Amino acid sequence: MMVPLDPCNKPTSQRRITEGDTVVVYERHDSMRAVTVSAAGVLQNRFGVFRHADWLGRHFGSKVFSSGGVGGKGGRKAGGGFVHLLAPTPLLWTLVLSHRTQILYIADISLVVAYLELVPGCVVLESGTGSGSLTTSLARAVAPHGRVYTFDFHDQRADSAREDFEKNGLSSLITVAVRDIQGEGFPDEYSGAADGVFLDLPQPWLAIPSAGTMLRQDGVLCSFSPCIEQVQRACETMRSCFTDIRTFEILLRTYEVHEGALKSATANEASSEGSSLPGKKRKIRSAGEALDSTQTSSVIARPCSTARGHTGYLTFARKSVHGSQTGATEVCPTS
Ligand SMILES: C[S@@+](CC[C@H](N)C(=O)[O-])C[C@H]1O[C@@H](n2cnc3c(N)ncnc32)[C@H](O)[C@@H]1O
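No experiment lies behind these values; they were computed from the predicted model shown.

> What exactly am I supposed to notice about the pairing of strand 8 (residues 147–152) here?
When a strand is regular, its side chains alternate between the sheet's two faces. Judged by how many residues are buried, strand 8 sits mostly within the fold: 5 of 6 residues are covered. Two elements, strand 7 (residues 123–127) and strand 8, share 5 bridges in a ladder whose sense is parallel. Residue pairing in the sheet places Ser127 in a bridge with Phe151 of strand 8. Each parallel crossover has a hand, and for strand 8 linked through helix 4 (residues 155–167) to strand 9 (residues 174–178) it is right-handed.

> So what exactly am I meant to see when it comes to the site of the ligand here?
Around the ligand lies a shell of 23 residues, among which Asp152, Arg157, Asp180, Ile181 and Asp200 are the nearest. At 3.2 Å from a nitrogen atom of the ligand is found a main-chain nitrogen or oxygen belonging to Phe153. The contact in question runs from a nitrogen atom of the ligand to an N or O atom on the backbone of Ile181, over 3.0 Å. Compared with its free state, where it exposes 610 Å², the ligand has 92% of that area covered by protein.

> Is there a simple way to think about the nonpolar core in this case?
Generally speaking, soluble globular proteins have nonpolar side chains that are buried together. Counting 29 residues, the largest nonpolar core has Val112, Leu118, Leu138, Ile174, Phe198 and Leu314 as the members making the most contacts within it. Among the secondary structure elements, those contributing two or more residues to this core are helix 2 (106–115), helix 3 (133–142), helix 4, strand 9, strand 11 (215–225) and strand 16 (313–319). Considering each element in turn, this core owes the most residues, 5 residues, to helix 3. Apart from residues no more than four positions distant in its own chain, Leu314 is found in contact with Asp108, Leu111, Val112, Phe198, Cys222, Ser223, Phe224, Arg246, Thr247, Phe248 and Ile250. Ala211, Leu215, Leu221 and Met238 belong to the second largest nonpolar core, which has 20 residues in total.

> I tried to follow the pattern of salt bridges on my own but got confused; where do I start?
When charged atoms on two side chains of opposite charge get close, those side chains can pair. Enumeration according to the criterion identifies 8 salt bridges in this entry. The salt bridge partner of Arg46 is Glu27, with a shortest N-O separation of 2.8 Å. Taken together, the residues Arg46 in the loop between strand 3 (42–45) and strand 4 (48–51) and Glu27 in strand 1 (residues 22–28) connect sequence positions 19 residues apart. Overall, the relative accessible area of 19% leaves Glu27 in the buried class.

> I'm lost on the sheet that holds strand 12 (residues 242–249) in this one. Help?
Paired through their backbone hydrogen bonds, the strands of a sheet run either parallel or antiparallel. The 7 strands lie next to each other as 9-8-7-10-11-16-12, forming an open sheet whose pairing is mixed. Across the chains shown, the open sheet's two edge strands, defined by having one partner strand only, are strand 9 and strand 12. Pairwise comparison of adjacent strand axes, ignoring direction, gives a mean angle of 15° for this sheet. Here helix 2 sits on the sheet and contacts strand 10 (194–199), strand 11, strand 12 and strand 16; the angle it forms with strand 16, its principal contact strand, is near 5°. Sheet contacts for helix 7 (residues 228–238): strand 11, strand 12 and strand 16; angle to strand 16, the most-contacted strand, approximately 5°.

What counts and how
Residues numbered from 1 in each chain as written. Predicted model: local features only at pLDDT ≥ 70, side-chain atom pairs only at ≥ 80, totals over all residues. Heavy atoms only, no water. Buried < 20%, exposed > 50% of the residue type's maximum accessible area, 1.4 Å probe, protein only. Helix = DSSP H or I, 4+ residues; strand = E, 2+ residues; numbered from the N terminus. Pairing = 2+ DSSP bridges. Right-handed = clockwise from strand over helix to strand, strands pointing away. Near = heavy atom within 4 Å. Polar contact = N/O pair within 3.5 Å; in protein donor to acceptor, adjacent residues only side chain to side chain. Areas by Shrake-Rupley, 256 points an atom, 1.4 Å probe, with all protein chains shown as cover. Core = buried A, V, L, I, M, F, W, Y, C linked by side-chain atoms within 4.5 Å. Contact = heavy atoms within 4.5 Å. Salt bridge = Lys/Arg side-chain N within 4 Å of Asp/Glu carboxyl O. Axes fitted to C-alpha atoms, helices over the stretch in contact; angles between N-to-C directions.

Written as structure tokens, this is what we have:
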């Protein structure tokens, strides 16, 4: 049985792994992969050899040890490598899915879900489907009674996305169709029925009039574009039947959190080291410094040296009763 991402199913803590489930094998935050569990399956990684048979019946979230370090089911011997077996939530799925296209990541996805005001029961139209990264989070937001209708003009991408949704138990929430949305617009049958429309297309301005027709009054459109020229052109088109047009760029700063030996220091010294929690007295240690009696082990958070930079611009607009603004459109950062 597959493990649905549908949040209305049992909480992850109550679910046990069975044959055919997709699990996210987690080594660390930047090293994980999706694995389909089969009784005869074996996973080999830098931590050793893991037999899927040892995973069956365990709760999602379990820590499991490699065969070399396993003493019976669930047992542990010193030196055995381990991984965690996590349920494929939309967040994790975005990190492990196979990239058939560029995808949206969780920072942009979070803003999309919030700004489209998605709640259970909503109807969302999306194009293009791409690798289904955003679609998976849209589905969770509208579950259990809502629906995501997603369109891509590329047959194979549509097929692969459909297979992924099926595997993740999302078929009841997502319909995938092949259609040239820039050329033909969204199907008439959804006219006025969409609570939200999302576009990740090379020429979104071609699909915006159709998006306006699909949205219910007050519904929200979002267009994702990597280039500001595309944003400018999309905004110009939106002005005829949308209001409250706003563009955002999300630049995410992540921190590495790890344990280390620390030396006594004042708050000022600590902030010059780039530590978080300003104003609190804490202990720090420079690299290579020897341990002394003032040092303790503590958790350190530092900004990652490689931060993910620009992904794209998210432009949101609300369908208005009386659109048709005049004048030129200019997109520039607010001060
Ligand atoms: C960047 S990908 C979308 C990625 C997606 N947002 C995700 O998070 O996985 C853009 C997709 O738009 C599709 N596409 C491009 N032009 C299209 C059109 N005219 N109609 C429908 N889909 C189109 C492409 O085939 C591609 O799969």
